[in-house]
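Here is what each chain is made of, one letter per residue.
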Amino acid sequence: MPTHTIQYEEYASPEAMSAADQQLLAAATASLAHSYSPYSNFKVAAAARLEDGTVVTGWNTENAAYPMCICAEPATLAAAASQRPGMPVVAMAITVKSPSMELREPASPCGSCRQQLREHETRFRTPMRLILRGESGPVYVFSSAGDLLPFGFSGELL
Ligand code: THU
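The following paragraphs examine the structure supplied in this document.

Thresholds applied
Residues numbered from 1 in each chain as written. Predicted model: local features only at pLDDT ≥ 70, side-chain atom pairs only at ≥ 80, totals over all residues. Heavy atoms only, no water. Near = heavy atom within 4 Å. Polar contact = N/O pair within 3.5 Å; in protein donor to acceptor, adjacent residues only side chain to side chain. Areas by Shrake-Rupley, 256 points an atom, 1.4 Å probe, with all protein chains shown as cover. Nonpolar A, V, L, I, M, F, W, Y, C, P; charged D, E, K, R; others polar. Buried < 20%, exposed > 50% of the residue type's maximum accessible area, 1.4 Å probe, protein only. Helix = DSSP H or I, 4+ residues; strand = E, 2+ residues; numbered from the N terminus. Pairing = 2+ DSSP bridges. Right-handed = clockwise from strand over helix to strand, strands pointing away. Phe/Tyr/Trp six-rings, centres within 6.5 Å; stacked < 30°, edge-to-face > 60°.

What surrounds the ligand is the set S40, F42, V44, N60, E62, C69, C71, A72, E73, P109, C110 and C113. Measuring from an oxygen atom of the ligand, one finds a side-chain N or O atom of N60 at 2.9 Å. Note that an oxygen atom of the ligand is positioned 2.5 Å from one of the side-chain N or O atoms of E62. Burial of the ligand by the protein chains amounts to 79% of its free accessible area of 370 Å². Tallied by class, residues from the shell around the ligand come to 8 nonpolar, 2 polar and 2 charged.

Spelled out as structure tokens, the structure:
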């Protein structure tokens, strides 16, 4: 039977990572304070490193008409595109804060976010390193956003 395996790195704590990855995660964590999430009270924030080293941040933004909420990941991709049009994001750190419990495991990007992160990679032909962490506990690092979306829909079919 065909099988699919996803490889990722696991760090016991941010301090075990490179200084660059720690910095990016710290920028994402600091941005949780900007999350506009009065309906779910669930904060998500991300920090993207662009090819030239620029770091941009983004967070989830909700709306009284619930389906209109914007996830942190596409908000960050849009911020990056605005700051440096045409420049790929080479790494993104994503973190979360729950109103009801301490999240000790990383939270994974939702399906829609995975599709958008993956298309950014294919569009710019550059892998995007993903650094995921909850409020505490380990950090998971994926070397490509596409690793989180095996068998994803591809624009090559259109
Ligand atoms: N959210 C994100 O920002 N990114 C994800 O990948 C999953 C969910 C946000 C949307 C909403 O504001 C809140 O988290 C709860 O779903």
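Judged by how many residues are buried, strand β5 (residues 129–133) sits mostly within the fold: 4 of 5 residues are covered. Here strand β4 (residues 89–97) runs beside β5; their pairing, made up of 5 bridges, is parallel. Bridging across to β5, I94 finds its partner in L132. As for the winding sense of the linkage, the β-α-β connection from β4 through helix α3 (residues 111–124) to β5 is right-handed.

As a further point, take the packing of aromatic side chains. This model, assessed by the stated rule, comprises 3 aromatic pairs. Considering the side-chain rings of Y8 and Y140, the 5.0 Å spacing of their centres and the 55 degrees angle between planes classify their relative orientation as tilted. Residue Y8 is found in the segment before β1 (9–11), and its partner Y140 is found in strand β6 (residues 139–142); the two are separated by 132 residues along the sequence. Centre to centre, the rings of Y8 and F142 are 5.0 Å apart; their planes meet at 25 degrees, and the pair counts as stacked. Note that Y8 is positioned in the segment before β1 and F142 in strand β6, a separation of 134 residues in sequence. Here Y8 falls in the partly exposed class, since its relative accessible area comes to 41%. Three or more aromatic residues joined by ring pairs make a cluster, and in this case those are Y8, Y140 and F142.

Any functional reading would require information that these geometric values do not contain.
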